[in-house]
Structure formats: structure tokens, C-alpha cells
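A look at the structure
Read off the chains here:
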Amino acid sequence: MSTAHQTSGPFWHLIDFPEWADLLRADGPNAGAPQTYAGGERITLQGTVTDGDGALVTDAMIEIWHADPDGRYDGAFQGFGRCATDAEGRFRFTTLKPGPVPGRGNTLQAPHVQIAIFARGLLRHLTTRLYFAEEPLNESDPLLSLVPPERRCTLIATPTVPGTWQLDIRLQGGAETVFLEL
Amino acid sequence: MSDPIPYARAIPGTQPPLDSASYGSTHRRAPRQEPIRAPVTLTEATSPRFALPSHADMSRLDGHAAMGERIIVAGRVLDERGTPLRGSMVEVWQANAAGRYHHARDQHDAPLDPHFSGQGRVFTDEEGWYRFTTIRPGAYPWRNHHNAWRPVHIHFSLFGQGFAQRLVTQMYFPGDPLLALDPIFLATADEKARERLIASFDLDITQPEFALGYRFDITLRGPSATPFEEGEA
Ligand SMILES: [Fe+3]
């Protein structure tokens, strides 16, 4: 039996290290990565978190985990970030765009970012994914194809300006984000 | 490359639900739709490794002892198969002895302790053991219902070897009368699962003339026993 999850509560910021939202920070594990990865595209991932009333969730911890630009998890790049939502319910990460990752049974997954959401009121964390709009592999992605077509848009980030991708997370209600059970 | 082994699913009742009638903050934050069962891929079966300094003594700050009862908390981190998690980061955070967090949003009328930040970080050893020294936290009020008080607890954050093993939980203390009244603790239906969130007093961890010891073992999800059934979602 695995240990039960318990809410992170509202005071989890004691383990918030704001620099962790910048995966490319000079003193972090990926220092120099933008130069190391030929074609590694620097991106910003941003969004807001809202609840079932549409109210901003201003006390959440958002974590991301994703592959390197070559689609690998076993290279030098560490695709982990953590960010607190701010007074406007916003989160924002700087990283390199991941490449396609092998799926089960010789399939290929579209580039994606795993997202974990922790907050007061979440007895266990929520998991979802961010995909990138206009990515040809989205059409054949094994996970996206399990999602009803009308809800897929809740997983697909759209560009605001080049290199900046926006994905809003709605915990509950209309246009509720698709969450995953792993 | 062979496919990653899927993780075991929780025995019903051993994990809290997302929506809980008696925990008010869940009402507008718990999703209403069923989650999509996702196949386990490299994304879920890999996790970050942290090369960070540990901070195992939370009982002192700037050379000054924090106020309160010093305690040692130790335990093993294993997966459900009994395999120790090695070199795994364990983050902890908690209120001070008076029941107040060193946090701008905590406005409970209890004193802050300038020598207690309430944040720690340790790493498991080769056998999965972690250990830190801290101050026994105090109970604190929350506004969930009339006269609501959280039982004494320490928050834990763990990473397994896969992001699907990520765990944030709370450690409680034996004999706390508030446990029987706490909607967060009680949200997990299975009594055995709840008991595993309560540390036990441990004389072997206790250090003479220094501090009482508490043992808190943590189990992360293990591999599924039925990979073929679980494999294709
Ligand atoms: Fe707490």
C-alpha cells in the first residue's frame, strides 16, 4: 500500500525556490544548455489557474517535467521546474522546447510537458500535459487520441508571441482541463 | 527499447478523494470530470535528480536554537515492492512550536520564531533512510469549520524514480486528539492507510540527553503486478 497523499496546504511556499521556474538559469543544472542543444529552442510556458467559480488560484504550486530537445530524459538536461502561481493566478517557466518522446509499443509521442498541480483544497495533486499547437505529431499522439476531441484543446498551448506558449488550467467546470490518472 | 512497467493503482479507499464534503476548499477546486487513464511512458517513468545541499538540522538558525521541543524524525522510503529509494530528495516544511508558519500569508496570532524557518531538505541513503532534526510543530487553527484546528503535522514532498511516483503528504504524531476531528486526515477512508500517516515514537532514533525520535516510513507506488492488464490504457 502506498502512502496516502495529503494536501500541500496554503503554506507550501517554504519549499518555493523562485529561480526553479527558470530551467535555463546560469547556476542551475542546465547552465549552458541553450548552446549545447543544436536547435534547442528557448521557450516560455505560461498560463493561469482558475477554480470552478472562475476565481484565480493564487496559492498553487505548479511543477513541470519534460524531455530535452532530442526527446530524451537520460541526457544532461533536467526538465524539471517549479513555480508558484502569483496574485493573478499566473505561472511562467523558461525552458527549452522538448522533442518527440518514444511512447509505448514503438509509437512516438508529440512534444509535451507533464504538469503537476498542488494546492490547498487538492487532497492529492493533479496531473495534466501541455502540448504545442500546430505540432504535426499531435494528430497521432497516443495520449491525445484517448481524449475526447472536444476536450483536447484544454491540453494544447497556443503561442501568444513567438516562443511564448499559453495554457490556462481550469480545475473545475466549463472547459475543465483534462486531468490524467497515471 | 522496452516499454516502462506501469505503476500499481491504489487499493480503493487508501488514497483521499479529490472532492470531500467536509473539506471546504475541495468544493470549487476538485475536477468534476473523470481523469483520462494515461499509458505510462518515459515521461511518467523518469524523474529529476537533484544535486542540492541538504539541510538536515532545522532546530537551529544562525547559530541559535529554535524554541520548542527538539525532535529527530527518521524513516525509510521504499516502493510497494520494498525496494529502497536511494539518493532521493525529501523536502519538509512545517509550522513552528507555536503553530505558526514562517509565511507571509499565515496570520495566526502566535509568535514567530526568528530562529526557525520550518524548511528542510534531506536525501535518502543507500538503504532508503532519511533523517532530520527539527522542532515539534504546534497545532494551528484553520477556517474550514467552527473551531477547526489542524493536528500537529509535518509536510513531506518526495520524488520517486518516476514522475508518476511524486508524493506530497503529511506526517502526524501519535496520540493527537485532533486526528479524530480533522477532515484532511479523515478524507482517506481506509483506517490502515490513515494509520500509516502517523509516526511512531522510536527509542532507537531518540538520542540521549538531546531529542525524542520519531519514525515515519514512506511507501511510494511500486510496479504493477499485472503489466499486461495495465499496459494499454
Ligand atoms: Fe500545514
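We now turn to the structure provided with this report.

Rules and cut-offs
- Residues numbered from 1 in each chain as written.
- Chains lettered and ligands numbered in written order.
- Predicted model: local features only at pLDDT ≥ 70, side-chain atom pairs only at ≥ 80, totals over all residues.
- Heavy atoms only, no water.
- Helix = DSSP H or I, 4+ residues; strand = E, 2+ residues; numbered from the N terminus.
- Rg over C-alpha atoms; globule rule 2.2 N^0.38 Å.
- Buried < 20%, exposed > 50% of the residue type's maximum accessible area, 1.4 Å probe, protein only.
- Contact = heavy atoms within 4.5 Å.
- Areas by Shrake-Rupley, 256 points an atom, 1.4 Å probe, with all protein chains shown as cover.
- Lys, Arg positive; Asp, Glu negative; His and termini not counted.
- Charge placed at Lys NZ, Arg CZ, Asp CG, Glu CD.
- Donors = N, O, S within 2.8 Å, 3.2 Å for Na, K, Ca; no water.
- Tetrahedral: all angles 85-135°; square planar, octahedral: opposite > 155°, others 65-115°.
- Buried area = accessible area lost by both parts, 1.4 Å probe.
- Salt bridge = Lys/Arg side-chain N within 4 Å of Asp/Glu carboxyl O.
- Polar contact = N/O pair within 3.5 Å; in protein donor to acceptor, adjacent residues only side chain to side chain.
- Nonpolar A, V, L, I, M, F, W, Y, C, P; charged D, E, K, R; others polar.
- Pairing = 2+ DSSP bridges.
- Patch = residues over 30% accessible without salt bridge, like charges linked within 9 Å, V, L, I, M, F, W, Y side chains within 5 Å.
- Axes fitted to C-alpha atoms, helices over the stretch in contact; angles between N-to-C directions.

Focus: the overall build of chain B
Within chain B, the regular secondary structure consists of 4 helices and 14 strands. Relative to a compact globule of 233 residues, whose C-alpha radius of gyration would be 17 Å, chain B shows 19 Å and is just as compact. Principal axes of the C-alpha set define a box for chain B whose edges measure 55 × 45 × 30 Å. Burial analysis of chain B (233 residues in total) assigns 54% to the buried set. Sequence separation of 24 or more characterises 71% of the internal contacts of chain B that already satisfy a separation of 6 or more. Accessible surface computed for chain B: about 10,900 Å², of which carbon and sulfur atoms make up 53%. Both charge centroids of chain B, one from 24 positive and one from 28 negative side chains, sit 4 Å from each other.

Focus: the coordination of the iron ion
All names here are of chain B. Listed as protein donors to the iron ion are Tyr101 (OH), Tyr140 (OH), His153 (NE2) and His155 (NE2); their distances from the metal cover 1.9 to 2.2 Å. If you look at the iron ion, its 4 donor atoms make angles of 89 to 161° with each other, and the shape they trace is irregular. Counting gaps between the donor residues of the iron ion yields the pattern Y-x38-Y-x12-H-x1-H. Within this pair, whereas Tyr140 is found in strand 8 (residues 140-141), its partner His155 is found in strand 10 (residues 153-158), the two being separated by 15 residues in sequence.

Quick look at the interface of chain A and chain B
With 62 residues of chain A at the interface, the matching set in chain B holds 82 residues. Buried area between chain A and chain B, summed over both chains or domains, comes out near 6,600 Å², and the portion from carbon and sulfur atoms is 57%. Of all residues in chain A, the largest losses of buried area upon contact with chain B belong to Met1, Gln6 and Arg104 of chain A, amounting jointly to 15% of the total for that side. Counting the contacts that link chain A with chain B gives 6 salt bridges. Between Arg9 of chain B and Glu181 of chain A there is a salt bridge whose closest N-O contact spans 2.9 Å. Run the count over chain A and chain B and you get 43 residue pairs in polar contact (both at pLDDT 80 or more). Put simply, the parts of the chain that give the side of chain A that touches chain B at least two residues each are strand 2 (61-66), strand 3 (80-84), strand 5 (101-102), strand 7 (112-118), strand 8 (126-132) and strand 12 (180-181) of chain A. Residue contributions to the side of chain A that touches chain B peak at 4 residues, all from strand 7 of chain A. Of the residues in the side of chain A that touches chain B, the class split is 31 nonpolar, 19 polar and 12 charged. Two strands pair when backbone bridges link them, and strand 12 of chain A and strand 1 (residues 36-37) of chain B are joined in this way by 2 bridges, in the parallel orientation. Considered in strand 1 of chain B, the bridge of Leu180 of chain A is made with Ile36 of chain B.

What to know about the environment of Gly105 of chain A
Inspection of the secondary structure assignment puts Gly105 of chain A in the loop between strand 5 and strand 6 (108-109). Residue classification places Gly105 of chain A among the partly exposed positions, given a relative accessible area of 46%.

What to know about a nonpolar patch on the surface
All names here are of chain B. A cluster of nonpolar side chains, contributed by Phe201, Leu203 and Leu212, occupies part of the molecular surface with about 300 Å² of accessible area. Position of Leu212 relative to the elements: it lies in strand 13 (residues 212-215). Using a relative accessible area of 33% as the deciding quantity, one classes Leu212 as partly exposed.

Some details on the pairing of strand 3 of chain A
Residue and element names in this part refer to chain A. Counting buried positions along strand 3 yields 5 of 5 residues, so the element is predominantly enclosed. Of the two faces of strand 3, the one carrying Phe80, Arg82 and Ala84 and the one carrying Gly81 and Cys83 are both buried. One ladder, built from 5 bridges, connects strand 2 with strand 3; its direction is antiparallel. In the sheet register, Trp65 faces strand 3, and the bridge partner there is Phe80.

Details of the sheet that holds strand 10 of chain B
Strand-to-strand pairing in sheets goes through backbone hydrogen bonds, with the strands running parallel or antiparallel. Residue and element names in this part refer to chain B. Strands sit in the order 6-5-10-11 across an open sheet of 4 strands; the sheet is antiparallel. The open sheet has two edge strands, strand 6 (119-123) and strand 11 (167-172), and neither has a second partner. This sheet shows a mean twist of 25° between the axes of neighbouring strands, independent of strand direction. Taken together, the 5 bridges between strand 5 (residues 89-93) and strand 6 define a ladder with antiparallel strand orientation. Bridge assignment links Glu91 to a residue of strand 6, and that residue is Arg121.

Some words on the pattern of salt bridges
For the structure shown, the criterion picks out 17 salt bridges over all chains. Arg150 of chain B is paired through a salt bridge with Asp182 of chain B; the nearest N and O atoms lie 2.9 Å apart. Here Arg150 of chain B, found in strand 9 (residues 149-150), pairs with Asp182 of chain B, found in the loop between strand 11 and helix 2 (183-186); they are 32 residues apart in sequence, far enough to count as distant. Accessibility classification places Arg150 of chain B together with Asp182 of chain B in one group, the buried group. Connected through shared salt-bridge partners, Glu63 and Arg82 of chain A together with Glu91 and Arg166 of chain B make up one network.

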